[in-house]
Amino acid sequence: MSSFRKTFELYNWDDIQTEIYQVTEQDVERVLAKDKIDLEDFKILISPAAKPFLEEMAKRSYAITKKRFGNTIQMYIPMYLSNECQNICTYCGFSLTNLITRKTLSDQEILDEVAYIKKQGYDHILLVTGEANKTVGVEYLKNAIKLIREHFSNISIEVQPLNQEEYEVLIKEGLYAVLVYQETYHEAAYKMHHPKGKKSNFNYRLDTPDRLGKAGIHKIGLGALFGLEDWRVDSFYTALHLKYLQKTYWKTKYSISFPRLRPHEGDVQPKVEMTDSDLVQLICAYRLLDEDVELSISTRESEKFRNNIINLGITSMSAASKTNPGGYSVDEQSLEQFEISDERSTEEIKKMIQSQGYEVVWKDWEKCF
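Residues numbered from 1 in each chain as written. Predicted model: local features only at pLDDT ≥ 70, side-chain atom pairs only at ≥ 80, totals over all residues. Heavy atoms only, no water.

A. Local environment of empty space enclosed by the protein. Counted under the stated rule, the structure contains four cavities of 30 Å³ or more. The computed volume of the second largest cavity comes to approximately 140 Å³. Those elements that place two or more of their residues in the lining of the second largest cavity are strand E1 (72–82), strand E2 (124–129), strand E4 (175–179), strand E6 (253–257) and strand E7 (294–297). Class assignment for the residues of the lining of the second largest cavity results in four nonpolar, seven polar and two charged. (1 Å grid on protein atoms, 1.4 Å probe; cavity = no way out; pocket = protein on both sides within 12 Å on 5 of 7 lines; lining within 4 Å. Points joined across faces, edges and corners; volume = space filled by probe spheres on them. Helix = DSSP H or I, 4+ residues; strand = E, 2+ residues; numbered from the N terminus. Nonpolar A, V, L, I, M, F, W, Y, C, P; charged D, E, K, R; others polar.)

B. The packing of aromatic side chains, seen in detail. Following the criterion strictly, the structure yields 14 aromatic pairs and no others. Between Phe 4 and Phe 8, the aromatic rings sit 6.2 Å apart at their centres with planes inclined by 50°, giving tilted as the arrangement. Of this pair, Phe 4 and Phe 8 both sit in helix H1 (residues 4–8), four residues apart, roughly one helical turn. For Phe 4, a relative accessible area of 0% gives the class buried. Given a relative accessible area of 10%, Phe 8 falls into the buried group. When the ring of Tyr 185 is compared with that of Tyr 237, the centres are 5.9 Å apart and the planes differ by 15°; the resulting orientation is stacked. On the criterion of sequence distance, the pair formed by Tyr 185 in the loop between E4 and helix H9 (187–193) and Tyr 237 in helix H12 (residues 231–248) is long-range, its members being 52 residues apart. Tyr 185 gets classed as buried once you look at its relative accessible area, which sits at 3%. Here Tyr 237 falls in the buried class, since its relative accessible area comes to 1%. The ring of Phe 69 has Arg 68 lying over it, and the distance from NZ or CZ to the ring centre is 4.7 Å. Sitting over the ring of Tyr 204, Arg 211 keeps its end group 3.8 Å from the ring centre. (Phe/Tyr/Trp six-rings, centres within 6.5 Å; stacked < 30°, edge-to-face > 60°. Buried < 20%, exposed > 50% of the residue type's maximum accessible area, 1.4 Å probe, protein only. Lys NZ or Arg CZ within 6 Å of the ring centre and 35° of its normal.)

C. Representation of unusual backbone geometry. Notably, Glu 183 is not glycine yet its phi reads approximately 75°, a positive angle. Positionally, Glu 183 belongs in the loop between E4 and H9. By relative accessible area, which is 8% here, Glu 183 ends up buried.

D. Focus on the nonpolar core. By size, the foremost hydrophobic cluster in this structure holds 102 residues, and its most contacted members are Phe 258 and Ile 353. In this structure, Phe 258 is in contact with Phe 226, Leu 279, Leu 282, Ile 283, Tyr 286, Leu 295, Ser 296, Ile 297, Glu 301 and Ile 314, ignoring residues within four places of it in sequence. In this structure, Cys 85, Phe 94, Leu 126 and Leu 179 belong to the second largest nonpolar core, which totals 14 residues. (Core = buried A, V, L, I, M, F, W, Y, C linked by side-chain atoms within 4.5 Å. Contact = heavy atoms within 4.5 Å.)

E. Region of the structure containing the pattern of salt bridges. Within the structure shown, the criterion is met by 25 salt bridges. A salt bridge links Asp 41 to Lys 34, with the nearest nitrogen and oxygen atoms 2.7 Å apart. A residue is classified by how much of its surface remains accessible, and Asp 41, at 3% relative accessible area, is buried. A relative accessible area of 29% means that Lys 34 is categorised as partly exposed. (Salt bridge = Lys/Arg side-chain N within 4 Å of Asp/Glu carboxyl O.)

F. Here's a closer look at the layout of surface pockets. Approximately 280 Å³ is the volume attributed to the largest pocket. What lines the largest pocket is a set of 15 residues, among which Lys 36, Ile 37, Leu 288, Leu 289 and Asp 290 lie closest to the centre. The set of elements that each furnish at least two residues to the lining of the largest pocket consists of helix H5 (54–69) and helix H13 (276–289). Here the residues of the lining of the largest pocket sort into five nonpolar, no polar and ten charged.

G. Just helix H3 (residues 25–32), in detail. Within the sequence span of H3, burial applies to Val 28, Val 31 and Leu 32. All buried residues of H3 lie within an arc of 95° about the axis, which places them on one face of the element. On the buried face of H3, the contacting elements are helix H4 (39–45), H5 and H13. (Arc of directions from axis to C-beta.)

H. Structural context of the state of the cysteines. Following the criterion strictly, the structure yields zero disulfides and no others. Cys 89 provides the cysteine sulfur closest to Cys 85, a residue in no disulfide bond, and the two sulfurs are 5.8 Å apart. Classification of Cys 85 by relative accessible area gives buried; the value is 12%. Under the relative-accessibility criterion, Cys 89 is labelled buried at 7%. (Disulfide = S-S within 2.5 Å.)

In structure tokens form, the structure reads like this:
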């Protein structure tokens, strides 16, 4: 049975880290002279030595993105269904140890949230929950998808990892994509930040994209939570994971997200800082590595950063996000998973995108296709 774990075990975190920090400017110049970038080249482009070449990387990233995606930015919005969670995670406001009021949306509350979201123009929705398989398990998710599928061209989820058969059930109901972040590929650090709950099983989470690929999902979203460990090494492993999946499940589309730690209830400070210029460098390196992968930026980032990243490789972004269940219309005071940074309205983000010569796209495929 195919599994990324076999590939993952061929690499050593400390060795990768050493290689990245030993890169020279001559190595970067050699890579940038190439037409096609591979994983070893990606390692060089995310190194500290590549920082002086950021302008050149940005220009190439812009050209590649425009050629592949045109002047378009896809818009999506998250809808939080529940903040109930059975896991202990040191960085999350929904963690089991946080003494908060828990809320899970009813059918009518889901439809009330949908009505608000549709008025904003969205046709692509991301359903998010805490990881509580009894409260918001497969049957709850199946019901939620049934309730809203007539209102959206595509439905994505970011929930607890499921088994292959469970994903197959949701796909039949209309599920389009699944986002599942490894958080960090550093196994010891992962265990430290996830001491209790099903999420503490590093390998089960690592195998989730394989189960999705076997289930025949249309799109898989990957990423690491920057701040838990060295972002450069985590990003190499994410790219390694991406390339494995593309080769193994070649009919599936892929996206990469770039979440940085944000303040929340039960705060943990980032172990490693990732600056804005670091994030720009990483986005450009991903685009040079892969012209087809979708690159997404959320409202975790500031207004200024999101304004400036439009031209550098990003293909989708969220707007006016609420990270609490019912946050749009039902229960605006329920606890947020994390604080957002860019609080502009959907209309303001739309105008910002258009002012830079881009077209706003509200969905990315037609059901008839």
